[in-house]
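Remarks on the overall topology
Residue-level listing of the chains:
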Amino acid sequence: MNAGCLISDAFVLESAPVFKIDKRRIAEKFGRAAKSYDASANLQQLVASRTRLGLPELADNAVILDMGCGTGKETLALRNRYPENVMAGLDLSDGMLTFAQKQPALVDCKWIVGDIEELPFAEETFDLIFSSLAIQWCESLSEVLAQVYRVLKPGGWFVFSTLAAGSLFELQTAWRNVDDEIHVNSYETFERQMHCVAAEEFQIISLHQRMETLYYPAVLNLLREIKALGANTVVGSDNQSLLGRRTLRQLESGYLPFQISKGLPASYQVIYGVLCKPE
């Protein structure tokens, strides 16, 4: 099936989104990390598998968007789940999309470079929007929800995951042993994000927070994984300092109190949501 026959160019608005400086830097970081991303995306794969548990049953002619699709790994999972449906993938990074579109199983997928907060689609285009660990890079959850609501058809589904306050608190604490600079991104609390969801007109099918923890043999392993993911951009910070040996020793010392038999923990507060647009 050719995705273009149902997601035609008429559904993609002509005006391209204007990326803010921080978003452009984020897009470039992720684009450079495209080749190494999937091999290092342990958290992303864990969270995506849990997010997919909220996927609904769809009719064969449904139109699906993987919003913040990255390398297309989850787009492929969606294609396997919904083999007869029309698929589109949107990402801020054209480097990621270049990598994604090389997958033979996704040759009929429509790929769009775009900003989640300025979705370049006409109203009521999609039956399902899936997004796993992408919208935490946006400035306003309320704007994301408004955009998703706009482009969903009545009765359409929004299945997503994102991060909440308290993520990587061990690493944030360890950095305080080094300096007072910002090294770890901050996120809105679960309560605040619940408030944003409640303020929209979605029907809330499911919305909950769960802590996901990964373990590493050393701090350097965690830092290398974050870098390989292209996720080492701190929003709102211009701190680009390199990690020297002395800094690494201080960071290791600050992380030591968290060490257990499994290794050094890196904990993430993950929000899982399933929303439906009323008919």
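The structure we're discussing is the one just above.
Cut-offs and rules
- Residues numbered from 1 in each chain as written.
- Predicted model: local features only at pLDDT ≥ 70, side-chain atom pairs only at ≥ 80, totals over all residues.
- Heavy atoms only, no water.
- Phe/Tyr/Trp six-rings, centres within 6.5 Å; stacked < 30°, edge-to-face > 60°.
- Helix = DSSP H or I, 4+ residues; strand = E, 2+ residues; numbered from the N terminus.
- Lys NZ or Arg CZ within 6 Å of the ring centre and 35° of its normal.
- Buried < 20%, exposed > 50% of the residue type's maximum accessible area, 1.4 Å probe, protein only.
- Pairing = 2+ DSSP bridges.
- Right-handed = clockwise from strand over helix to strand, strands pointing away.

1. Thoughts on the packing of aromatic side chains
Within this structure, the stated rule accounts for five aromatic pairs. Centroid distance F158 to F160: 4.7 Å. Interplanar angle 15 degrees. Geometry classified as stacked. Note on F169 and F258: the rings are 5.8 Å apart at their centroids and 80 degrees apart in plane angle, and the pair reads as edge-to-face. Residue F169 is located in helix α7 (residues 169-175), and its partner F258 is located in the loop between α10 (245-255) and β7 (264-276); the two are separated by 89 residues in the primary sequence. Through a chain of ring-to-ring contacts, three or more aromatic side chains come together here, namely F169, Y255 and F258. Over the ring of Y149 we find K277; its NZ or CZ atom is 4.6 Å from the centre of that ring.

2. Things to note about the pairing of strand β2 (residues 86-91)
In terms of burial, β2 is largely enclosed, as six of its six residues are buried. Pairing of strand β1 (residues 63-67) with β2 involves five bridges; the strand directions are parallel. Among the inter-strand pairings, M67 is bridged to a residue of β2, identified as L90. Handedness of the crossover joining β1 and β2 through helix α4 (residues 73-81): right-handed. Direction of pairing for β2 relative to strand β3 (residues 110-113): parallel, over a ladder of four bridges. Paired with G89 across the two strands is W111, which belongs to β3. Between the parallel pair β2 and β3, the chain is carried across by helix α5 (residues 94-100), and the sense of this crossover is right-handed.

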